[in-house]
Amino acid sequence: MGRKLLIIGLDGASFVALDPLMQRGAMPTLARLRAEGFSSILLSTLPPVSAPAWSTFITGKNPGKHGVFQFYDVNPWSAHSLGRGQPTYLAVPGVVVNARSITEPKLWDLLGAAGRRVACINLPISYPPEPINGVMITGMLTPPGSRHFTHPPELAAELTHYEIDLHPQEKDFSSPDDHFLQRMQDILRKRARTALELFQREPWDCFIVVFTETDRLQHRYWHHLDPSCQSDHAPELQHRLITIYQELDHYLNEFVRLAGADYDIIILSDHGFGPAAQQRLNFSALARELQLQIASNGLNSAMVRALQRLLPTKRRIYKYLGPITPAGLLERTEARLRDAARRTIKAKLVKLHDYIGGIWINTADHHTGVIEPGTAYDAFRAELIEKLTAMRDPHSGRRLISEIMVREGVYRGHHAANAPDIIFNLDDQYGIDTDTKSAELICQTRQKNQGTHRAEGILIMNGNAIRPGAQISPNGLSGPLPKLEDVTATILYLAGVPLLEDMDGHVIEQAIDPDYLQAYRVHIQSARAPAMSGQPYGWNTDEEEKLIRERLKELGYLE
């Protein structure tokens, strides 16, 4: 039957912040689990953002297969890609994704099909809830106020005081620290107590709970948690932060105590963290440097301007003019405006993350595209890469872009074509600005968030099937750093469930006790048809999607 598993996600957790806390004795449970078991940095997805990262954990596959690249539809040629007041050479985020956007079998599908009982609590990208052999309480991207966030549905009636996240107004940086921290503590307690109560209801085969409070705290207070950052050394604030991490460790200890020797324990994060840069690369200026827009005639320019004025008020225009105009006229006019706008651009820039950009090339195999596939495409992409490579800070001469990748070198699968043709990482000193009015290439803007995501998350494993006292580090075990998809493969292996042959993840053998590895082989089964059709517009109502879009703006994922 395999091992029973307790899986605890600490959203955004990083050894950069946790190591000092463990060293000062603030997180003794986490320190003990790490010292006695296996640990390693865990590599996230590109970009290292919760939506693609947790989707990769859920499927064991890269975004090119499961189809989630960000919190929103990233295809710039969709109906949501133009307008909203943005220049046409900047891609506008499309509809927000949810669990229906994941086009591959999910971890709980595979475990449930093998007869394993699963509990899944607060995992991002799990809304709307779906049937599961066990219980589910959905997490991030659940519409605020929704009472349809559990499976079975009647479980919601028991959770009268449960909260998934802060209210949007409470995330505002104008809210006082005391209020913000108290509310963080309130939600942590409600989540932990609910999860502990459910954990004791039955002997679960796989119990998953994610705590997102670590991510929220680190965005706002990273300078107080990273020893390498200079903070204002407010001792009272630092004490409050440490108290919350201590309380989180207390709940970890409760889970470990209840699990006993029956469970193997996996603690992971979807990504890591680091300081947010104050210097910002102006995307409008970058687009001009890259010459992404075609010099257009007066008529096309006028149509593009008309489109940009139309779309922000589109609903009102359709509401009031629709009844008094010939059928289909507004739709045809909008389509003509979009076509005209598209003919003015050779490529679009998009902000994939705080310091990660992408370029989509407007190829002629799309409607009204302008760059011919084949030789012309290859030459244009090479030209853009050359220009990106040469980009320098006009003030310091520092190279702006540290790494440039092409789509096929990053993503694999039938969704890979939805990724940008070029993906690039900025130097650590820079972030991306898509909203500045400045014409300068580099601008200085004070960031609300002190911290931002990094690729290096955490992985700690402990239990009877886990190699004791092992660590992938310069002074420990050698080998490649594990990736998120490898954790999924390892979970299935330990649970005694075959892996799918088209999974990207591999069992993390450095983490497994050698005797266990020798006794139990890794089994592979043929890949099944996708569990879901994958519908990025699969919200129950437009209002749901609107509420989630506003929440993502509060978190800084949308501008």
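Heads up: these notes are all about the structure in this document. Since we're looking at a predicted model, the values are computed, not measured.

**Brief notes about the pattern of salt bridges**
Then comes step 1: The full count for this structure, using the stated rule, is 27 salt bridges.
Then comes step 2: Here R201 and E158 are joined by a salt bridge, their closest N and O atoms 2.4 Å apart. Separated by 43 residues along the polypeptide, R201 in the loop between helix 7 (177–199) and strand 6 (206–211) and E158 in the loop between strand 5 (150–151) and helix 6 (168–171) bring together distant segments of the chain.
Then comes step 3: Of the residues examined, R201 reaches a relative accessible area of 41% and is grouped as partly exposed.
Then comes step 4: Residue classification places E158 among the partly exposed residues on the basis of a relative accessible area of 46%.
Then comes step 5: The partner of E383 in a salt bridge is K387, with the nearest N and O atoms 3.2 Å apart. Taken together, the positions of E383 and K387, both in helix 14 (residues 375–390) and four residues apart, correspond to about one turn of that helix.
Then comes step 6: The structure contains a network of salt bridges with shared partners spanning E163, R183, D186 and K190.

**Focus on the sheet that holds strand 4 (residues 134–138)**
Then comes step 1: The sheet built from nine strands is open, its strands ordered 5-4-3-6-1-7-17-2-18 with mixed pairing. A strand with exactly one partner marks an edge of an open sheet, and here the two such strands are strand 5 and strand 18 (470–471).
Then comes step 2: Bridge count between strand 2 (residues 38–43) and strand 17 (residues 456–462): six bridges; the pairing is antiparallel. For L43, the partnering residue across the bridge sits in strand 17 and is E456.
Then comes step 3: Along the sheet face, helix 3 (residues 50–59) touches strand 1 (4–10), strand 3 (118–123), strand 6 and strand 7 (263–268) and points at about 175° away from the line of strand 3.

**Some thoughts on the pairing of strand 1**
Then comes step 1: With six of seven residues buried, strand 1 lies mostly within the body of the structure.
Then comes step 2: Of the strand pairs in this sheet, strand 1 and strand 7 are connected by six bridges, and their pairing is parallel. Note that in strand 7 the partner of L5 across the bridge is D264.
Then comes step 3: Pairing between strand 1 and strand 6: six bridges, direction parallel. Bridge assignment links G9 to a residue of strand 6, and that residue is V210.

**What about the state of the cysteines?**
Then comes step 1: For the structure shown, the criterion picks out zero disulfides.
Then comes step 2: For C120, which is in no disulfide, the shortest distance to another cysteine sulfur is to C206 and amounts to 8.4 Å.

**Side note on the packing of aromatic side chains**
Then comes step 1: Per the counting criterion, the structure on display carries 13 aromatic pairs.
Then comes step 2: Judged by centre distance (5.0 Å) and plane angle (85°), the rings of F69 and Y411 are edge-to-face. Placement of the pair is F69 in the loop between helix 4 (63–66) and helix 5 (107–113) and Y411 in the loop between helix 15 (407–410) and strand 13 (422–426), with a sequence separation of 342 residues.
Then comes step 3: Since its relative accessible area comes to 5%, F69 is described here as buried.
Then comes step 4: Its relative accessible area of 5% is what places Y411 among the buried residues.
Then comes step 5: Plain terms: the ring middles of Y493 and Y516 are 5.9 Å apart, the flat faces sit at 90° to each other, and that makes the pair edge-to-face. Taken as a pair, Y493 in helix 16 (residues 484–495) and Y516 in helix 17 (residues 514–519) lie far apart in primary sequence, 23 residues in all.
Then comes step 6: Through successive ring pairs, a cluster of aromatic residues spans F199, W204, F207, F255 and Y263.
Then comes step 7: In this structure, R34 packs its charged tip against the face of F15, placed 4.0 Å from the ring centre.

**A short note on the environment of I137**
Then comes step 1: In this fold, I137 is placed in strand 4.
Then comes step 2: I137 gets classed as buried once you look at its relative accessible area, which sits at 0%.
Then comes step 3: Taking the C-alpha atoms as reference points, I137 and H151, 14 residues apart in sequence, are found 6.8 Å from one another.
Then comes step 4: Excluding anything up to four places from it in sequence, I137 contacts C120, I121, N122, L123, S126, F149, T150, L155, L159, Y162, T194 and L198.

**Side note on the sheet that holds strand 14 (residues 430–433)**
Then comes step 1: Strand order in the open sheet made by the three strands is 14-9-15, with mixed pairing throughout. Looking at which strands have only one partner, the edges of the open sheet turn out to be strand 14 and strand 15 (442–444). Pairs of neighbouring strands in the sheet enclose a mean axial angle of 45°, with direction left out of account.
Then comes step 2: One ladder, built from three bridges, connects strand 9 (residues 279–282) with strand 15; its direction is antiparallel. Looking at strand 15, one finds that Q279 is bridged to Q444.
Then comes step 3: Where helix 10 (residues 283–290) meets the sheet, its contacts fall on strand 9 and strand 14, and the angle it forms with strand 9 comes to roughly 45°.

Conventions and cut-offs
Residues numbered from 1 in each chain as written. Predicted model: local features only at pLDDT ≥ 70, side-chain atom pairs only at ≥ 80, totals over all residues. Heavy atoms only, no water. Salt bridge = Lys/Arg side-chain N within 4 Å of Asp/Glu carboxyl O. Helix = DSSP H or I, 4+ residues; strand = E, 2+ residues; numbered from the N terminus. Buried < 20%, exposed > 50% of the residue type's maximum accessible area, 1.4 Å probe, protein only. Pairing = 2+ DSSP bridges. Contact = heavy atoms within 4.5 Å. Axes fitted to C-alpha atoms, helices over the stretch in contact; angles between N-to-C directions. Disulfide = S-S within 2.5 Å. Phe/Tyr/Trp six-rings, centres within 6.5 Å; stacked < 30°, edge-to-face > 60°. Lys NZ or Arg CZ within 6 Å of the ring centre and 35° of its normal.

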